[in-house]
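Results of the structural survey
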Amino acid sequence: MSHTVVKTKPIEGQKPGTSGLRKRTAVFMGPHFLENYVQAIFDGTGGVAGKTLVVGGDGRYFNDRAIEVILRMAAAGGAAKCIVGQGGILSTPAASHLIRKRGADGGLILSASHNPGGPDADFGLKYNGGNGGPASETVTAEIFARTLDIEEYHIVGAQDIDLGTIGTSELAGMTVEIVDPVADYAALMEELFDFDKIAALFAGGFTMRFDAMHAVTGPYATEILEGRLGAAKGTVMNGVPSPDFGGGHPDPNPIWAKELMDVMYGADAPDFGAASDGDGDRNMIVGKGAYVTPSDSLALLASKAHLAPGYKAGLAGVARSMPTSGAVDRVAKAKGIGCYETPTGWKFFGTLLDAGKVTLCGEESAGTGSDHVREKDGLWAVLLWLNILAETGQSVSELMSDLWGEYGRCFYSRHDYEDVESEKAHGMFGDLRDSLAGLAGTKAGEMTVEWADEFAYDDPVDGSHAAAQGLRIGFEGGGRAVFRLSGTGTVGATIRMYIEQLELDASRFELPAEEVLKPIIEAALELSDLKAKTGRDAPNVIT
Ligand code: G16
């Protein structure tokens, strides 16, 4: 078998974002692009000689072709073994689990997460370390540095590996093991949750719809919900992964999971609804006519996790990303456990989880997870909800009303301005940053600014410092607005504006969020001058 050393040059645009590298599929398929980035990952992580890697992805267009390239390059680099999900399929949390369970040195996960897939849409590649979590800031910087001075990559010439057949084969001295992508993950879920109790709930007539959005959780949800827990056939909708996600946008929020929302807000709605994203790490929870925000879901799970066997000893602590609402903080305070506020990106939870400081973490961007893996985990969150519903016998709405009654309600919303001209977005951001120091005391509409700052984070475990993690404006009365530039977009810049207001008056809990949040939204738009500076009248997506 030939080992080829291909001379190459750095390619622009290989700076990893919040979660690996995401680009248009056509860019990844361009000459040397994928190969350069894979070589940069290998080199940036100290080479792959003698290592074991987990490889798999969300099944989007180019997934299988890219895996064949990665395998041939890993073989050329002298890797001992690659463990690959059958058909090239591995959800992000399942990959994280497999890395940990097999003691692998790391893994390559092919996904652009919730971004659409297909030849004209998006592709992505991320590296996870031996703890099963996203590469740390330091490793990401090493990989990026390597993309800037790369001169060659290594690849063996070989026939394609048959990804469809479970078993072991050899590729230029490297072992390739094709594994069932679902089995190990499902076994882990059985350890954490009371499957008998949840099965009894379904047997008693409880109904559910899970929208896999034509993405990777289809096979996982079908096996676990319909197979092991006895939920009715048809509980899982859009359950067959397709290379372009059925032409959809596999992002589990009320906008993109409209099909599920229509079911849950329609006549004869089932008791419980949930959805997951492209690579299976995000989740959306919705009861009969009752959407639960990700921030509220995190708070509810933190308050009731002890009802599931895997968490019966209680939680060591909780963590949330900075733009996530403070709902979980109030639960943690009442429980007397630690609560950490980290920058956006799951990687920042890794050190806290590894050090045993937190058990549960979550983000406003529909991610919730625990120390069972080092990624957020969509189906895990759904199963924890099911376990809680089975134990309490309450409905989603009842659980949420009780939570608000106990801790108050954090009204919350996120406005996304997508594909803004990069220069304008950065201009607006820079101006707002410059004005922060003088904002306290400023009046904007009905609101008065109490404080403003730029969020920075010092990791309490490894001491690393992360600067420039979002602009925050706190208002008198406890309201807050946050501005961030997305790290996962593939075109132009995406500005996210997050708005939050804690309400303790129970007579206001049922008010529409838009009404409660309106004065803060207007004040935030005025202070940032977003509309004039970006030329955008309204957000593209409101969640
Ligand atoms: C990724 C990270 C998440 C993070 C999100 C933020 O999500 O894994 O931890 O919250 O990006 O995205 P943005 O920078 O666009 O706000 P995913 O699901 O895309 O991998």
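Above this text sits the structure in question.
Numbers given to residues run from 1 along each chain, matching the order in which its sequence is written. For a predicted model such as this one, the threshold for reporting local features is a pLDDT of at least 70, and the threshold for listing and counting side-chain atom pairs is 80 or more; totals across whole chains, interfaces and linings nevertheless cover every residue. To get the side-chain values, take all heavy atoms of the structure and skip hydrogens and water.

1. Some thoughts on the overall build of the protein
A count of helical and extended segments in the protein gives 17 helices and 27 strands. It is over C-alpha atoms that the radius of gyration is taken, and the globule rule equals 2.2 Å times the number of residues to the power 0.38. Here the protein has a C-alpha radius of gyration of 23 Å; the compact-globule value for 543 residues is 24 Å, and the two agree. By its C-alpha atoms, the protein is 75 × 60 × 40 Å across when sized along the principal axes. Working definition of accessibility: Shrake-Rupley area with a 1.4 Å probe, residue cover restricted to the visible protein chains. As displayed, the protein has an accessible area near 19900 Å², and 49% of this comes from carbon and sulfur atoms. Neither His nor the chain ends contribute to the count of charged residues, in which Lys and Arg are positive and Asp and Glu negative. Lys charges are placed at NZ, Arg charges at CZ, Asp charges at CG and Glu charges at CD. Looking at the protein, you have 47 positive and 74 negative side-chain charges, and the mean spots of the two groups are 2 Å apart. A run of H or I in DSSP becomes a helix once it reaches four residues, and a run of E becomes a strand once it reaches two; helices and strands are each numbered from the N terminus.

2. As for the nonpolar core
Nonpolar side chains in soluble globular proteins generally cluster together in the buried interior. What is meant by a nonpolar core is a set of buried Ala, Val, Leu, Ile, Met, Phe, Trp, Tyr and Cys residues, joined one to another through side-chain atoms within 4.5 Å. Summary of the burial criterion: residues with accessible area below 20% of their type's maximum are buried, those above 50% are exposed, and those between are partly exposed, where the area comes from a 1.4 Å probe applied to protein chains only. Phe193, Trp380 and Trp385 are the most contacted members of the largest nonpolar core, which has 73 residues in total. When residues in this core are grouped by element, the largest group, 11 residues, is from helix H13 (residues 378–392). Among residues more than four places away in sequence, those in contact with Trp385 are Phe272, Ile285, Val292, Ser297, Leu300, Leu301, Val396, Leu399 and Met400. Within the second largest apolar cluster, 42 residues are counted, among which are Phe28, Leu34, Val48 and Tyr127. It only takes one pair of heavy atoms within 4.5 Å for two residues to be counted as in contact.

3. Some words on unusual backbone geometry
Although it is not a glycine, His32 adopts a positive phi angle of roughly 65°. The residue His32 is located in the loop between helix H1 (25–28) and helix H2 (33–44) in this model. Residue His32 is classed as partly exposed on the basis of its relative accessible area, which comes to 31%. Not every positive phi belongs to a glycine, and Asn238 is a case in point at roughly 50°. Within the element layout of this structure, Asn238 appears in the loop between strand S11 (236–237) and helix H9 (258–264).

4. Topic: the sheet that holds strand S13 (residues 283–287)
The criterion for strand pairing is that DSSP finds at least two bridges linking the strands in question. Taken in spatial order, the five strands make up an open sheet running S11-S10-S12-S13-S14, and their pairing is mixed. Each edge of the open sheet is held by one strand with a lone partner, namely S11 and strand S14 (290–292).

5. Details of helix H7 (residues 195–203)
Think of an α-helix as turning once every 3.6 residues; residues three or four places apart then point the same way. All buried positions along H7 are accounted for by Phe195, Ile198, Leu201 and Phe202. Projected down its long axis, H7 shows its buried positions confined to an angular sector of 120°, all on one face. Exposed residues lying more than 90 degrees from the buried face of H7 are Asp196 and Ala203. In this structure, the buried residues of H7 make contact with helix H6 (183–192), strand S10 (208–211), helix H8 (217–228) and H13. Backbone geometry just after H7 places Gly205 at a positive phi near 105°. Note that the arc is computed from the directions linking the helix axis to the C-beta atoms.

6. Topic: the packing of H2 against helix H5 (residues 137–149)
Only the stretch in contact is used when a helix axis is fitted, and all axes are lines through C-alpha atoms; the angle between N-to-C directions ranges over 0 to 180 degrees. Between H2 and H5, the least distance of the axes is 8 Å, while the angle of their chain directions is 125°. One way to sum up the angle between H2 and H5 is to call them oblique. At the point where H2 passes H5, the crossing takes the right-handed sense. Judged by residue contacts, Tyr37, Ala40, Ile41, Asp43 and Gly44 of H2 engage Glu142, Ile143, Arg146 and Thr147 from H5. Residues are grouped as follows: nonpolar covers Ala, Val, Leu, Ile, Met, Phe, Trp, Tyr, Cys and Pro; charged covers Asp, Glu, Lys and Arg; every other residue, Gly included, is treated as polar. Along the lines of polarity and charge, the residues of the contact of H2 with H5 split into four nonpolar, two polar and three charged. Angles below 35 degrees are treated as roughly parallel, those above 145 as roughly antiparallel, those between 65 and 115 as roughly perpendicular, and all remaining angles as oblique. Rotating anticlockwise by less than a right angle from the far helix to the near helix defines a left-handed crossing, while the corresponding clockwise rotation defines a right-handed one.

7. Notes on the site of the ligand
With respect to spatial proximity, 18 residues lie near the ligand, and among them Arg282, Glu363, Ser486, Thr488 and Arg496 are the closest. For the purposes of these results, a polar contact is taken to be a pair of N or O atoms within 3.5 Å, where, inside protein, one atom must be able to donate a hydrogen and its partner to accept one; residues adjacent in sequence count only when each atom of the pair is a side-chain atom. Between the ligand and His114, the relevant distance is 3.2 Å, taken from an oxygen atom to a side-chain nitrogen or oxygen of the residue. One of the side-chain N or O atoms of Lys376 is found 2.7 Å from an oxygen atom in the ligand. For the ligand, the protein covers 99% of the area, taking 460 Å² as the surface of the free molecule. A per-class count over the shell around the ligand returns one nonpolar, 10 polar and seven charged. Note on terminology: near, applied to a residue and a molecule or strand, indicates that one of the residue's heavy atoms is within 4 Å of it.

8. Topic: the packing of aromatic side chains
Whether two aromatic rings pair depends on their centres lying within 6.5 Å, for rings of Phe, Tyr and Trp, where Trp uses its six-membered ring; planes under 30 degrees apart make the pair stacked, over 60 edge-to-face, and the rest tilted. Within this structure, the stated rule accounts for 11 aromatic pairs. Ring centres 6.3 Å apart and planes at 70° place the aromatic pair Trp404 and Phe509 in the edge-to-face group. Residue Trp404 is located in helix H14 (residues 396–407), and its partner Phe509 is located in the loop between strand S26 (493–503) and helix H16 (513–528); the two are separated by 105 residues in the primary sequence. Judged by its relative accessible area of 11%, Trp404 is buried. Given a relative accessible area of 7%, Phe509 falls into the buried group. Following the ring pairs from residue to residue traces out a cluster consisting of Phe28, Phe33, Phe62 and Phe123. Above the ring of Phe144, the side-chain terminus of Lys15 is found at 4.8 Å from the ring centroid. Geometrically, a charge over a ring is one whose NZ (Lys) or CZ (Arg) sits within 6 Å of the ring centre while staying within 35 degrees of the ring normal.

9. Points about the sheet that holds strand S20 (residues 443–444)
A sheet is described by the order of its strands in space; here seven strands give the open sequence S20-S21-S24-S25-S26-S19-S27, paired in antiparallel fashion. Two strands in the sheet have a free side with no partner beyond their single neighbour: S20 and strand S27 (541–542). With two bridges joining them, S20 and strand S21 (residues 447–454) adopt antiparallel strand pairing. Within S21, the residue paired with Ala444 across the bridge is Met447.

Keep in mind that these numbers describe shape and distance, not what the molecule does.
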